[in-house]
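# Survey of secondary and tertiary structure
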Amino acid sequence: MEIARHWRLQRHRYSLVGEVCNHCGVKIFPARDVCPECNAPAKTPYTFSGKGEVYSYSTVHHPPEGFEHFAPYVVALVRLVEGPLVAAQLTDVEGEKIEIGMPVEMVTRKLRDDGSKGTIVYGYKFRPVIAGGAAVVAKDAAV
Amino acid sequence: MCVPRPLPTCYSLGLGRDKLEASHLKIMKPNRDVGIVGYGAYVPRYRLRGTEISRMWEGEQGCTPPIKEKAVPGLDEDVATMSLEAARNALKRTAIDPSRIRAVWVGSESHPYAVKPTSTIVAEAIGAVPHTLAADWQFACKAGTEAMQAALGFVGSGMADYALALGMDTAQGRPRDALEYTAGAGGAAFLVGPAEESVAVLEGSTSYVTDTADFWRRQHEHYPAHAGRFTGEPGYFRHVIAAASEIMAALGRKPADYAHVIFHQPNTKFPRKAGRELGFKSEQLEAGLLVNDIGNTYAGAAMIGLTGVLDVAEPGERVLMVSFGSGAGSDAFDLRVTDAITARRACALSTRDYVVRRHEIDYATYARHRGKIRME
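Below, the structure is looked at part by part. Every value quoted in this text rests on a predicted model; they were computed, and no experiment measured them.

About the criteria used
- Residues numbered from 1 in each chain as written.
- Chains lettered and ligands numbered in written order.
- Predicted model: local features only at pLDDT ≥ 70, side-chain atom pairs only at ≥ 80, totals over all residues.
- Heavy atoms only, no water.
- Helix = DSSP H or I, 4+ residues; strand = E, 2+ residues; numbered from the N terminus.
- Contact = heavy atoms within 4.5 Å.
- Lys, Arg positive; Asp, Glu negative; His and termini not counted.
- Charge placed at Lys NZ, Arg CZ, Asp CG, Glu CD.
- Buried < 20%, exposed > 50% of the residue type's maximum accessible area, 1.4 Å probe, protein only.
- Core = buried A, V, L, I, M, F, W, Y, C linked by side-chain atoms within 4.5 Å.
- Domains from an automatic or database assignment.
- Buried area = accessible area lost by both parts, 1.4 Å probe.
- Salt bridge = Lys/Arg side-chain N within 4 Å of Asp/Glu carboxyl O.
- Nonpolar A, V, L, I, M, F, W, Y, C, P; charged D, E, K, R; others polar.
- Pairing = 2+ DSSP bridges.
- Axes fitted to C-alpha atoms, helices over the stretch in contact; angles between N-to-C directions.
- Expected span 1.5 Å × (residues − 1).

On to the overall build of chain A, then. Helix and strand counts for chain A stand at one helix and eight strands. Secondary structure elements of chain A, listed N to C terminal, follow the sequence α-β-β-β-β-β-β-β-β. Expressed along its principal axes, the backbone C-alpha trace of chain A runs to roughly 65 × 40 × 25 Å. The long-range fraction of contacts in chain A, counting pairs at least 24 apart against all pairs at least 6 apart in sequence, stands at 47%. When the 17 positive and 16 negative side-chain charges of chain A are each reduced to one mean point, those points stand 5 Å apart.

Written out as structure tokens, the structure reads:
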């Protein structure tokens, strides 16, 4: 039952919602209800900031079923600023030089697309942090 | 073949405008003062230059394209993901708990599903569920401002304290059609709420709608069809100019009263022409005229223009926004910017931040991104 499985996970996937251990304070992702550090129950939801950096990465040229549409694509281990290491795709990186330690931020994108008759699965990916502060008055002349 | 220009070479204005009577000057403003509490934009990073399209269909000597370039969504983007980022930007400019949002309304003509709401995906992801209304709106390029009108009324009635209205599109143009040059991607989100919390307060709005078939897409058709130059005078100009004229007349305003004006922008010519006809100066259009850099974002076009204006507007300035949707109709909004704008706009990426983030692609990559390559 893929629909039910994706539905159960969508809250975590859409917004990077994990858990926090009320005993030792460790932030947990993905949610597992038990703290991996102190084994105490940990069921309090925690929404991560989505900020992190690339810990390691690789490019997928031979994708599994459901991901063919996006290949080649980059997968990475992202170290979130709150601590957990998350496996996810990098997106918006064509033409970018990807490096270990590169700052990234979470975005919600299409994860897989099961054809024109199936559902679309959305979830977290990471992209290079967008630089803010662009000059708002710079306008090109009309063509 | 040269690209047909959408602007009629000769037309006359005045359909409806010169027949205004006092009874028609009905301005909409709820008893409870309302406004825009938070705003956010989104534009995908990919850009296709107009010259690349003309090279494809006209050869190296192709004629000058109507705009410089247009935004193209990534392979993993659609109206749901783009709406979500705009909504998150709008929420960053507020301090409210998303569970207090009583409506999430997404206007678009490129919803990912024919049946299943985009709005529930957005509502779930921002944390507005389950005690919220959620629906998708459809009215060509004015679906987003229609959602805004409803959100302003919904909050104004007291039924809700906050409502989120979005206009977002990943517009499709038939290959080689004139619209292929301009059909872009992007849009904006506005969190509507009480006036005392707003960055821009609603002074009044109006709507001008007729049954005018200038652009349409039948069910199961991939690309829209249009009536060529007919979309100019009976479509765009009739409705935009009537809505703008009516709201100014009803509120006792003249063009010089506004610091900024935003018109629906299917190209650069139409909004500039409408502005001239109404008596606006080109400087008043500048901050909200984005079509040359991102293309026509359809349901998002006027709304993302307003986000560009709010990024630069000063407290106390008046702003006029007039949308247009084929089919056809215009919504006009008279807004007054408040002191809150100064601190609030820095809380999220500006519209310009998204506009300057660009990665140029060629026509083949564009064809892949837009699903124009048949794989099976």
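Back to the text.
To continue, consider the side chain of Asp76 of chain B. Mapping Asp76 of chain B onto the fold places it in the loop between strand E3 (69-72) and helix H2 (79-92). Using a relative accessible area of 4% as the deciding quantity, one classes Asp76 of chain B as buried. The residues contacting Asp76 of chain B, other than those within four sequence positions of it, are Phe70, Thr91, Arg109, Lys110 and Lys125 of chain A together with Thr81 of chain B.

The subject of this paragraph is the nonpolar core. All names here are of chain B. Ile101, Val104, Ile126, Leu164, Phe190 and Leu306 are the most contacted members of the largest nonpolar core, which totals 74 residues. Sort the elements by how many residues they give to this core and H2 lands first, with eight residues. Looking at this core, you find at least three residues from each of domain 1 (34-199 + 345-368) and domain 2 (200-343). Those residues in contact with Leu306 that sit more than four places away from it in its chain are Ile36, Phe190, Ile262, Val319, Met321 and Leu335. Formed by 23 residues, the second largest nonpolar core is a distinct cluster that contains Phe237, Ala244, Met248 and Leu278.

Let us look at the interface of chain B and chain A. Between chain B and chain A, the contact holds 38 residues from the first and 36 residues from the second. Between chain B and chain A, roughly 3,000 Å² of surface is buried when both sides are summed, and carbon and sulfur atoms account for 49% of that area. For Arg109 of chain A, the salt bridge identified is with Asp76 of chain B, shortest N-O distance 3.1 Å. Looking at the side of chain B that touches chain A, the elements with two or more residues in it are H2, helix H3 (118-126), helix H8 (291-294) and helix H11 (351-356) of chain B. By residue number, the principal contributor to the side of chain B that touches chain A is H2 of chain B, which donates five residues. In the side of chain B that touches chain A, the residues fall into 18 nonpolar, four polar and 16 charged.

Moving on to the pattern of salt bridges. The final tally for this structure, using the stated rule, is 28 salt bridges over all chains. The residue Glu96 of chain A makes a salt bridge to Arg45 of chain B at a minimum N-O spacing of 3.5 Å. Taken as a pair, Glu96 of chain A in the loop between strand E6 (85-90) and strand E7 (103-113) and Arg45 of chain B in the loop between strand E1 (34-42) and strand E2 (46-49) lie in two separate chains rather than in one. Exposure remark for Arg45 of chain B: the relative accessible area of 5% places this residue in the buried category. Overlapping salt bridges, with partners in common, bring together Asp92, Arg109 and Lys125 of chain A together with Asp76, Glu77 and Arg357 of chain B in one network.

The pairing of strands in a sheet happens through backbone hydrogen bonds and is either parallel or antiparallel. Residue and element names in this part refer to chain B. The three strands lie next to each other as E3-E2-E14, forming an open sheet whose pairing is mixed. Among the strands making up the open sheet, the edge pair consists of E3 and strand E14 (359-360). The pairing of E2 with E3 spans four bridges and is antiparallel. Opposite Leu48, over in E3, you have Lys70 as the bridge partner. Across the sheet, helix H1 (residues 50-58) lies against E2 and E3, angled at about 50° from E2, the strand it touches most.

This next bit is on helix H1 (residues 2-15) of chain A. Since the α-helix turns once every 3.6 residues, residues separated by three or four places project in the same direction. The terminal C-alpha atoms of H1 of chain A, which comprises 14 residues, lie 20 Å apart, in line with the 20 Å expected from a rise of 1.5 Å per residue. Listed as buried for H1 of chain A are His6, Gln10, Arg13, Tyr14 and Ser15 of chain A. Packed against the buried residues of H1 of chain A are strand E1 (17-20), strand E3 (44-47), E7 and strand E8 (120-128) of chain A together with H2 and H3 of chain B. Looking one or two places after H1 of chain A, you find Leu16 of chain A, whose phi comes out positive at around 55°.

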